[in-house]
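Observations on the model geometry
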Amino acid sequence: MTAQKLDPHSPIFHSVRNQALSPMDTDPAACIKNVKRLVVKVGTAVVTRHDGRLAVGRLGALCEQLKELNSQGYEVVLVTSGAVGLGRQRLRYRKLVNSSLADLQNPQVELDGKACAAVGQNSLMALYDTLFSQLDVTSSQHLVTDSDFRNDSFREQLSETVKSLLALKVIPVFNENDAVSTRRTPYEDSSGIFWDNDSLAGLLAMEVKADLLVLLSDVEGLYSGPPSDPNSKLIHTYIKEKHQAEITFGDKSRLGRGGMTAKVDAAVCAASSGIPVVITSGYATDNIIKLLQGKPVGTLFHKDAHLWTSVNEVDAREMAVAARECSRRLQAMSSEDRRKLLLDVADALEANESLIMAENEADVAAAKADGYEKALISRLALKPGKIAGLAKSIRVLADMEEPISRIAKRTELADGLILEKTSCPLGVLLIVFESRPDALVQIASLAIRTGNGLLLTGGKEARRSNAILHKIITSAIPDCVGDKLIGLVASREDIPDLLKLDDVIDLVIPRGSNSLVSQIKNSTKIPVLGHADGVCHVYIDKSANPDMAKKIVRDAKVDYPAACNTMETLLVHQDLSNNDLLKELLAELRREGVTLYGGPRASSLLNLPRAQSLHREYSSLACTVEFVDDVGAAIDHIHQHGSSHTDCIVTEDHEVAEMFLHRVDSAAVFHNASTRFCDGARFGLGAEVGVCTSRVHARGPVGVEGLLTTRWILRGSGQVVDGDKGVTYSHKDLPLQTQI
């Protein structure tokens, strides 16, 4: 079979490119990048408490956010609700104070809403003025009705006034003038221009040509069901064609005329006019700032949202179930057919190398433009020859001994009753990785070799690379298995939903930062396999061969500084503190551009800047140097400050070496060899799904063996237990027989 080469002009390739280049679902950073002018609408439920009184703390936090944005050069227009609720509370109190005993015995008459609006508006604006004045910000009040907007001259003058105020760094505060509004219930009909402050905010956003509309509510955003229902999921990107028929909205706001229905209507209207809209919580103290920083907050509405995500997109559970079904079909294939599938994947990667490199170069360019760290960009880039190397690793995997249904133990339990312990796939794997698109290839090939279903989610910085790699690999999977064997999860926002699926996902393997791994471990019942840090040590003993020591240390630090098996701490025997070996070694590291930091002893003896921590993964051309008394002290230091990843000793003393090798409790321990050897391909595993520092079934580089478990197969001839009366157990070990 000739490897499929994707034509850059073909519909297949364009679907990949469009998926890769479009802003992904729930990624506000991609479509909220160049915001200058924004309209913020704060709802009644945010402005007031449940008893109708003002929520001064929340209002203060809101004003502080708007002040911060104002000082950063953003132009902010505020639309506020809450006047009617606040006025009603104040008038009720005033009526109670002035009531006679007879009045108190009579039923309370409902207060006139327009009077409530007039009284409440005065108090509301007085508070805004006070809060903004304390923050050295000037605000202005604007009361409008829908009738005003029927006048074209008014609309033109409104835009000019707002433009002048924003140029003066004034925050205009708008509210519907309910005190004189002529509208009656039902408020929304075909004759109206706006019906509440939500629709007013949408209208103003269009009138003043805002770049963003933010609707603040009392919940995090729009949910698939009642927010109080634990089964309800936050909708990160609203797609009208998909969600309009799925969502049942509740009642209106507890105090105002709006509610989530009004917010969604306003958001859809504004978004269709080209203004991105986000519905998010006004209870949080910094959601607006987070949003403008590109962080995923609330529910996004955008005119192009229907292009980003398929309307028929499967949810997380369906994706995991589909991967399991495909994995079972993969296991049913013969060993030779699975081998051929891997060879087809390797051929397809090589045939499409130019497409892969083009997408990867676009990812790297975008990462540089966005100011990502050099270490991340280094991991992101697919260097020349990388695709050929990956294809070679896949072929090595293909030529390995068949891993599935391998018999590890055969036992005769009783006459004619044979028990076999055999290898089998784990099931469905969820891999969360950052930066490195080559990890996708390694993980996918390992999953195919071991018969596992796979869900992958990579970082947004590698979006283009991951999309094209996934498309190429799945295009090589035959229809009898199905391309849903390997699912590429579009957004990191789906991860929380995936982590709940402990009944259909069998193992999570995070490959990334310490914070990522820790967050996943704390968020799921699914077993997690991985490592948080790669704080690797090289210990130079007093008996070390100088030339060997220099060569190993240089390679361990300089060969690939961004890798997790790179040396981060150099431990040196105290007897070498004034030795030429150490001087030459440090000089060579400096020539290679390595920045040196010192532990408590080395910083003073070698006049080095003090290391912030002895547990530090630099992932760059930097490392910590520290002196220790002897090999025992080196071992203690590694146990206290290391990460149980990979540690090395350089020594000619065999006894010292054996002590180090047997006492250092790390996943990989080396004698006279660079830490960079801790790698699945270099270990002969063909590829690795990651390095595990946990004390579980797999430690160190995890290849084929780490993705398998065991099951028991019993063959009999009608035996029954019957209280063990009719069974004579022999428990006799039998020769192994390979079962294909």
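Residues numbered from 1 in each chain as written. Predicted model: local features only at pLDDT ≥ 70, side-chain atom pairs only at ≥ 80, totals over all residues. Heavy atoms only, no water.

Here the focus is helix H27 (residues 654-663). Among the residues making up H27, those that are buried are Val656, Ala657 and Phe660. One side of H27 holds all its buried residues, which, seen down the axis, span an arc of 100°. Facing away from the buried side of H27, by more than 90 degrees, are the exposed residues His654, Glu655 and His662. Buried residues along H27 sit against strand S14 (536-540), helix H26 (631-641), strand S18 (646-650) and strand S19 (668-671). (Buried < 20%, exposed > 50% of the residue type's maximum accessible area, 1.4 Å probe, protein only. Helix = DSSP H or I, 4+ residues; strand = E, 2+ residues; numbered from the N terminus. Arc of directions from axis to C-beta. Contact = heavy atoms within 4.5 Å.)

A side chain of one charge can pair with a side chain of the opposite charge if their charged atoms are brought near each other. Considering all chains together, one arrives at 32 salt bridges under this definition. For the salt bridge of Arg410 with Glu420, the shortest nitrogen-to-oxygen distance reads 3.2 Å. Residue Arg410 is found in strand S8 (residues 407-414), and its partner Glu420 is found in strand S9 (residues 417-425); the two are separated by 10 residues along the sequence. Given the relative accessible area of 3%, Glu420 is considered buried. Look at the salt bridges and you will find they share partners, linking Lys41, Asp198 and Lys263 into a network. (Salt bridge = Lys/Arg side-chain N within 4 Å of Asp/Glu carboxyl O.)

Unlike most non-glycine residues, Asn607 shows phi in positive territory, near 55°. Among the structural elements, Asn607 can be located in the loop between helix H25 (600-605) and strand S17 (622-628).

Once that is clear, we can look at the side chain of Asp647. With respect to the secondary-structure elements, Asp647 resides in strand S18. The side chain of Asp647 is buried and forms no salt bridge, while Arg699, the nearest opposite charge, is found at 8.4 Å. When residues no more than four places from it in sequence are discounted, the contact partners of Asp647 are Val535, Cys536, His537, Ile638, Phe660, Val664, Ser666, Ala668, Val669 and Phe670. (Lys, Arg positive; Asp, Glu negative; His and termini not counted.)

Our focus in this paragraph is the nonpolar core. Counting residues in hydrophobic clusters, the biggest one holds 52 residues, and the most contacted among them are Leu349, Ile431, Leu454, Leu456 and Ile486. With 8 residues, the single largest contributor to this core is helix H19 (residues 437-450). In terms of nonpolar packing, the next biggest core, distinct from the first, is built from 34 residues, Val40, Leu78, Met125 and Tyr128 among them. (Core = buried A, V, L, I, M, F, W, Y, C linked by side-chain atoms within 4.5 Å.)

This part covers the sheet that holds strand S22 (residues 708-715). If you walk across this open sheet you meet the 4 strands as S22-S9-S8-S23, and the pairing is antiparallel. In the strand order of this sheet, the two ends are held by S22 and strand S23 (729-734), each with one partner. Averaged over all pairs of adjacent strands, the angle between their axes in this sheet comes to 25°, without regard to strand direction. Summarising the sheet, S8 and S9 pair through 6 bridges and their orientation is antiparallel. In the sheet register, Lys409 faces S9, and the bridge partner there is Lys421. (Pairing = 2+ DSSP bridges. Axes fitted to C-alpha atoms, helices over the stretch in contact; angles between N-to-C directions.)

Our next topic: the sheet that holds strand S5 (residues 212-217). One open sheet accounts for 7 strands, arranged S3-S4-S2-S1-S5-S6-S7; its pairing is mixed. Each edge of the open sheet carries a strand with a single partner, namely strand S3 (139-144) and strand S7 (299-301). Going from strand to strand, the sheet's axes swing by 20° on average, the running direction of each strand aside. The sheet contact formed by strand S1 (residues 37-42) and S5 spans 5 bridges and is parallel. When the sheet's bridge partners are listed, Lys41 is paired in S5 with Leu215. Strands S1, S5, strand S6 (277-281) and S7 of the sheet are contacted by helix H11 (residues 260-272), whose axis makes an angle of about 155° with S6.

Our next topic: the confidence of the model for the protein. Of all residues in the protein, 86% have pLDDT values of 70 or greater, and the mean over the chain is 85. Looking across the protein, the model is least confident in helix H1 (residues 11-21), with a mean pLDDT of 37, and most confident in S14, with 98. Here residues 8-28 is modelled with pLDDT under 50, and outside its nearest four sequence neighbours on either side it reaches 45 contacts, counting other chains as well. The model gives residues 251-258 a pLDDT under 50, and that stretch makes 24 contacts with residues more than four places away or in other chains. (pLDDT = per-residue confidence, 0-100.)

A few words on the packing of H26 against H27. Relative placement of two packed helices is described by the angle separating their axes and the distance separating the axes. For the pair H26 and H27, the least separation of the axes is 10 Å and the interaxial angle reads 20°. The orientation of H26 with respect to H27, classified from their angle, is roughly parallel. You can see that H26 and H27 cross each other, and the crossing is right-handed. Taken together, the residues of H27 that come into contact with H26 (itself represented by Val631, Ile635, Ile638 and His639) are Val656, Met659, Phe660 and Arg663. Partitioned by chemical class, the residues of the contact of H26 with H27 number 6 nonpolar, 1 polar and 1 charged. (Parallel < 35°, antiparallel > 145°, perpendicular 65-115°, else oblique. Left-handed = near helix turned anticlockwise from the far one by under 90°. Nonpolar A, V, L, I, M, F, W, Y, C, P; charged D, E, K, R; others polar.)

The full count for this structure, using the stated rule, is 6 aromatic pairs. Pairing Tyr597 with Tyr618 gives two aromatic rings, centres 5.7 Å apart and planes at 5°, and the pair type is stacked. Remark: Tyr618 occurs in the loop between H25 and S17 and Tyr597 occurs in strand S16 (residues 595-598); sequence separation between them is 21 residues. The buried category is assigned to Tyr618, whose relative accessible area is 10%. (Phe/Tyr/Trp six-rings, centres within 6.5 Å; stacked < 30°, edge-to-face > 60°.)

This part is about the packing of helix H15 (residues 335-351) against helix H18 (residues 386-398). Running from N to C, H15 and H18 point in directions that differ by 175°, and their axes come no closer than 9 Å. It follows from the interaxial angle that H15 and H18 lie roughly antiparallel. Of the residues in H18, those in contact with Arg339, Leu342, Leu343, Val345, Ala346, Asp347, Leu349 and Glu350 of H15 are Ile387, Ala388, Ala391, Ile394, Arg395, Leu397 and Ala398. The residue makeup of the contact of H15 with H18, split by class, is 11 nonpolar, no polar and 4 charged.

As for its position among the elements, Thr566 is in the loop between helix H23 (546-558) and strand S15 (567-573). In this structure the side chain of Thr566 is engaged in a polar contact, spanning 2.6 Å, whose partner is the backbone oxygen of Tyr560. Discounting chain neighbours no more than four positions away, the residues touching Thr566 are Gly534, Cys536, Ala556, Lys557, Tyr560, Pro561, Thr675 and Arg676. (Polar contact = N/O pair within 3.5 Å; in protein donor to acceptor, adjacent residues only side chain to side chain.)

A word on the pairing of S17. Most of S17 is tucked away, with 7 of its 7 residues classed as buried. Alternating residues of S17 divide into Ala622, Thr624, Glu626 and Val628 and Cys623, Val625 and Phe627, and every residue in both groups is buried. When S15 meets S17, the two strands line up parallel, connected through 5 bridges. Opposite Leu571, over in S17, you have Glu626 as the bridge partner. Here 4 bridges tie S16 to S17, and the two strands are oriented parallel to one another. Bridging across to S17, Tyr597 finds its partner in Thr624.

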